Amino acid sequence: MRMWVNGGLRDADDARVSVLDHGLTVGDGVFETVRAVDGRLFALTRHLDRLARSARGLGLPEPDLDEVRRACAAVLDANPMPLGRLRITYTGGLSPLGSDRGDAGPGLYVALGEVSRRPDSTAVITVPWTRNERGALVGLKTTSYAENVVALARAHEHGASEALFANTVGRLCEGTGSNVFVVLDGQLHTPPVASGCLAGITRALAVEWTGAQETDLPFDVLERADEIFLTSTLRDVQAVHRVDGRKLPGAPGPVTAKAMRIFGERAGNDLDP
């Protein structure tokens, strides 16, 4: 494998980051995960726009998006594969040991790993921890991901692939790396960005293409929703067949199946919607 490290390609064994990189020491960085199919990236423009928004939200220098595109193309060319996860990481760069940033400039890293197609449905759990809808990082896709690591490990312990959070006022928010949609009386709903959830790229496309409503929802809606599905870069639209101990037989249900079909068709017709 060859990866992009601060201006050029490096072999995996030589793709090293300094122990003084602020993204490592204090999580001062942002990132994007982009789906790569046969060397072609899906919705790259939207991902780069969000990368830039996240960087501005952290107060990082504006990323050179032309350079990011060149880095992505170089990594894709160097590592051919049918289905991959391309990760763009942009950090505060070399800095003192502490929260203050240095003046060496940001770091840019691009890596690619092969993945397999996700199953049509999955199990999820709920967790007792909450998202802070009023926090400083709301809406930013940052490398401060330890909270998600802990929650996802809990999900795996319970035979699930995702953990779902409420926010501090008990409203449905999001998963560790996904957005959540529910079907109530035939209508599709997803929490608004004001709930504290990430403004997911796949979430936005699913809302545009299916007509889903952004609705402030209580967390216990998961106990009564007719159908539930997740969206993310690598899941696309994925049905949920179990939430904690509650089974949803027949998943994907009719509304979810329609959303899966619409998303697949629209995404297949336009790689950069």
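Keep in mind the model is a prediction, meaning the values are calculated, not measured.

(A) Structural detail: the overall build of the protein chain. Across its full length, the protein chain holds six helices and 15 strands. Here the C-alpha atoms of the protein chain give a radius of gyration of 19 Å, agreeing with the 19 Å that 2.2 N^0.38 yields for 273 residues. Looking at the protein chain as a whole, 49% of its 273 residues qualify as buried. Counting every atom, the protein chain has about 12600 Å² of accessible surface; 50% of that belongs to carbon and sulfur.

(B) The nonpolar core, seen in detail. With 25 residues, the main nonpolar core has Leu41, Leu86, Ile88 and Val110 as its most contacted residues. Elements with a minimum of two residues in this core: strand E3 (29-37), helix H2 (44-58), helix H3 (65-78), strand E5 (83-91) and strand E6 (107-114). Beyond its immediate chain neighbours, meaning those up to four positions away, Leu41 contacts Val34, Arg35, Ala36, Cys72, Leu76, Leu86 and Leu271.

(C) Just helix H6 (residues 254-269), in detail. In a regular helix each residue adds 1.5 Å, so 16 residues correspond to 22 Å; H6 covers 23 Å between its end C-alpha atoms and thus fits that length. Looking only at H6, the buried set comprises Thr256, Ala259, Met260, Ile262, Phe263 and Ala267. For H6, the secondary structure elements touched by its buried residues are E3, helix H5 (201-210), strand E13 (227-232) and strand E14 (236-243).

(D) Region of the structure containing the pairing of E13. With six of its six residues buried, E13 lies for the most part within the structure. Across five bridges, strand E10 (residues 179-184) lies against E13 in antiparallel orientation. Note that in E13 the partner of Val183 across the bridge is Glu227. Here E13 runs beside E14; their pairing, made up of four bridges, is antiparallel. By the bridge assignment, Phe229 is partnered in E14 with Ala239.

(E) How the structure looks around the layout of surface pockets. There is about 270 Å³ of room inside the second largest pocket. For the second largest pocket, the lining is made up of 15 residues, of which Val17, Arg87, Thr89, Thr91 and Tyr109 are closest to its centre.

(F) View of H5. Most of H5 is tucked away, with seven of its ten residues classed as buried. The set of residues buried in H5 consists of Ile201, Thr202, Arg203, Leu205, Ala206, Val207 and Trp209. Looking one or two residues beyond H5, the residue adopting positive phi is Gly211, at roughly 75°.

(G) Structural view of the sheet that holds E5. A sheet is described by the order of its strands in space; here six strands give the open sequence E2-E1-E6-E5-E3-E4, paired in antiparallel fashion. Pairing within the sheet leaves two strands with one partner each, and these edge strands are strand E2 (8-11) and strand E4 (40-41). Bridge count for strand E1 (residues 2-5) against E2 is four bridges, and the pairing is antiparallel. Paired with Arg2 across the two strands is Asp11, which belongs to E2. Running over the sheet, H3 touches E1, E2, E3, E4, E5 and E6 and is turned about 30° from E6.

Reading the values: rules and limits
- Counting restarts for each chain: residues are numbered from 1 in the order of the written sequence.
- Totals for whole chains, interfaces and linings use all residues, but because this is a predicted model, local features are given only for residues with pLDDT of at least 70 and pairs of side-chain atoms are given and counted only at 80 or more.
- Heavy atoms throughout the structure, all of them, feed into the side-chain values; hydrogens and water do not.
- Think of it this way: any DSSP run of H or I at least four residues long counts as a helix, any run of E at least two long counts as a strand, and we number them from the N terminus.
- Our radius of gyration looks at C-alpha atoms and nothing else; its globule reference is 2.2 Å times the residue count to the power 0.38.
- Partly exposed describes any residue whose relative accessible area lies between the buried limit of under 20% and the exposed limit of over 50%, with all areas from a 1.4 Å probe on protein chains only and scaled to the type maximum.
- All accessibility values rest on the Shrake-Rupley procedure with a 1.4 Å probe; residue burial counts only the protein chains present in the view.
- Definition used in this section: a nonpolar core is a set of buried Ala, Val, Leu, Ile, Met, Phe, Trp, Tyr and Cys residues joined via side-chain atoms within 4.5 Å.
- A contact between two residues is defined here by any heavy atoms of the two lying within 4.5 Å.
- Every helix has an expected span of 1.5 Å times one less than the residues it contains.
- Strand pairing requires that DSSP identify at least two bridges connecting the strands.
- With a 1 Å grid spanning the protein atoms alone, the term cavity applies to any set of points in which a 1.4 Å probe fits but cannot get out, the term pocket to an open set with protein on both sides within 12 Å along at least five of seven lines, and the term lining residue to any residue with an atom within 4 Å of a point.
- Grid points are joined across faces, edges and corners, and a volume is the space filled by probe spheres set on the points.
- Every axis in this analysis is a line fitted to C-alpha atoms, fitted for helices over the stretch in contact. Angles between the N-to-C directions lie between 0 and 180 degrees.

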